[in-house]
Amino acid sequence: MQYKICDCTVIDVENGCALLPHTDVYIRGGKIEKIVPSGENAQADKDEHGRADGYKTVNGAGKFAVPGLVNLHVHLFGTGRPSKALGGGKAQQRLLAFIHTALGRRILAAMVENSARNELLSGVTTLRAVGDLFGSDIALKRKTDAGKGAAAGLRMFVSGMAITAPGGHGAGTFARTAETPEEFEKLVEKNVTEGADFIKICITGGVMDAKKRGEPGEVKMTQAQVSAVCSRAHALGKKVAAHVQSKAGAELAAIGGVDTIEHGAPLTEESVRLLRERKGAQVVTCSPALPCARLPHEVTKLGEAASYNSEVVMQGMIDGAAQAAAAGIAVGIGTDASCPFCTQYNMWREVLWFEKCMNISAAEALYTATLGNARILGVGDETGSIREGKSADILLLEGNPIADLTALRDIDCMFAQGRFISHPKPKRLPAIEAQLDRLTEEL
Ligand SMILES: [Zn+2]
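Owing to the predicted nature of the structure, the values given are computational and were not obtained by experimental measurement. The residue count restarts for each chain, going from 1 along the sequence in the order it is written. Per-residue local features of the predicted model are confined to residues with pLDDT of at least 70, and side-chain atom pairs are confined, for both listing and counting, to 80 or more; whole-chain, interface and lining totals are unaffected and use all residues. With hydrogens and water set aside, each side-chain value is computed from the structure's full complement of heavy atoms.

> Help me get a handle on the nonpolar core, residues and values and all.
Each nonpolar core is a collection of buried residues, namely Ala, Val, Leu, Ile, Met, Phe, Trp, Tyr and Cys, held together in the definition by side-chain atoms within 4.5 Å. Partly exposed residues are those whose accessible area sits between 20% and 50% of the maximum for their type, while under 20% is buried and over 50% is exposed, using a 1.4 Å probe and protein chains only. In terms of nonpolar packing, the biggest core is built from 99 residues, with Leu-76, Ile-201, Ile-203, Val-258 and Leu-408 touching the most fellow members. The contact definition used throughout considers only heavy atoms, calling two residues in contact when any of these lie within 4.5 Å. Apart from the residues lying within four places of it in its own chain, the contact partners of Leu-408 are Val-66, Leu-69, Trp-348, Val-351, Leu-366, Leu-397 and Pro-401. Membership of the second largest hydrophobic core comes to 15 residues, among which are Cys-8, Val-25, Val-58 and Ala-392.

> So what about the coordination of the zinc ion? Which residues, and what values?
Coordination partners: N, O, S within 2.8 Å of the metal, 3.2 Å for Na, K and Ca; water not considered, so apparent gaps in a site are possible. Taken together, His-73 (NE2), His-75 (NE2) and Asp-336 (OD) make up the protein donors of the zinc ion, found 2.1 to 2.3 Å from the metal. Counting along the primary sequence, the residues that act as donors to the zinc ion give the motif H-x1-H-x260-D. One end of the pair, His-75, is in the loop between β6 (69-74) and α2 (89-99); the other, Asp-336, is in the loop between β15 (330-333) and α12 (347-358), with 261 residues separating them in the sequence. In this description a helix means any DSSP run of H or I spanning at least four residues, a strand means any run of E spanning at least two, and both kinds are numbered starting from the N terminus.

> Describe the domain arrangement of the protein, listing the residues and the values that go with them.
Residue ranges labeled as domains rest on an automatic or database domain assignment. Entries for the protein in the domain assignment read domain 1 (2-67 + 384-422) and domain 2 (69-377). Taken together, the contact pairs 26 residues of domain 1 with 24 residues of domain 2. Salt bridges are defined as contacts in which a side-chain nitrogen from Lys or Arg sits within 4 Å of a carboxyl oxygen from Asp or Glu. Summed over the shared surface of domain 1 and domain 2, the result is one salt bridge. Where Arg-155 meets Asp-393, a salt bridge forms, and the shortest distance between an N and an O atom there is 2.9 Å. Under the rule applied, a polar contact is a pair of N or O atoms within 3.5 Å (in protein, one hydrogen donor and one hydrogen acceptor; residues adjacent in sequence only if both atoms are side-chain atoms). Here domain 1 and domain 2 share five residue pairs in polar contact (both at pLDDT 80 or more) between them. Take the side of domain 1 that touches domain 2: its biggest share by element is four residues, from strand β17 (residues 411-416). Note that Gly is not counted as nonpolar here; it falls among the polar residues with everything else outside the nonpolar set of Ala, Val, Leu, Ile, Met, Phe, Trp, Tyr, Cys and Pro and the charged set of Asp, Glu, Lys and Arg. In terms of residue class, the side of domain 1 that touches domain 2 is built from 15 nonpolar, six polar and five charged.

Put into structure tokens, the structure is as follows:
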């Protein structure tokens, strides 16, 4: 199907988010065929009856066209509803045992697909899944890439199971463990054979599974283990994304050759130098940190240590990102969907929170969520901006997001690799939205 978006205002993220009013965007074969001032090609496009020539018209008058969002940090197995099962213990063991059954796996596959569908309907046209259970992300990617299922149109990059040391973040749930460097190399090979696009490791502890203050920053992998993973992955042509929540962890990652530091922490001079040298990036996730730090324990269902740890992680992440940006290191963003209060439809909110927390302009935040993130993924030539020849990943909005990023919340219509979706409506969780709206107001 060919489409023509008539008379919209294109936001050019390649050019400081400049507005191009009264623009027609032609879409053919999943790509942006041409971008012209409105009416310029009106004659050429009409057949002898005066009808637009084979293009289905989408009225863009008064609307703003932005590139589809790129969410760099997603887990697809959860909804974002706070749950005791995320904190470990018996509830988690029971859930994991169930997921191992045939019925459990079918339910997991359906959940993962629903999550991806929700991401898509919230304007995310490209996502990177950084640790899911039992290859469910890899299976969904295969289906989606074939143009099948509920998430067709979504561009996915998947890690499969994450890798860590015993006792590391995600161990026993979304991460497999190894001990010797050789065992780590074997896990890298296993993941690549299974279809992983990149390797996810967890170098430090995490907020969800930390039992005491300061634990998210505790280094759980050795330098030799991190280096073994990176060199094997790079030899196989795969990048490495590392969960890191402390300065020591970040340095280990930088020395080991990690490509993206997920979440992040303050950086040493050495870390900055190494990351810049290898053109690495930091991927900020405000979405899990803010609610866990700021919402009451009765609401988050997390202990006191978790809110303390979240506040520390939040500040470290912001400080590290500011250091990275100042040194010319790319900074990306993602939602960490599946964590408590991190739903599968709130990438728009991550963009807004990133703007507020980093004290940058809406234009910079929008660039980060689109072309900036696409470049970190290595697909900046394919998506991330509205340019002729690129994939037709476009959101049409009622309001101007540069004036207020909240305009990204409700999408009038969208294209994902040229597939048209009219009035996309993700399934939202009202109780969570109420809490997040309150937090947003306080920023
Ligand atoms: Zn994560």
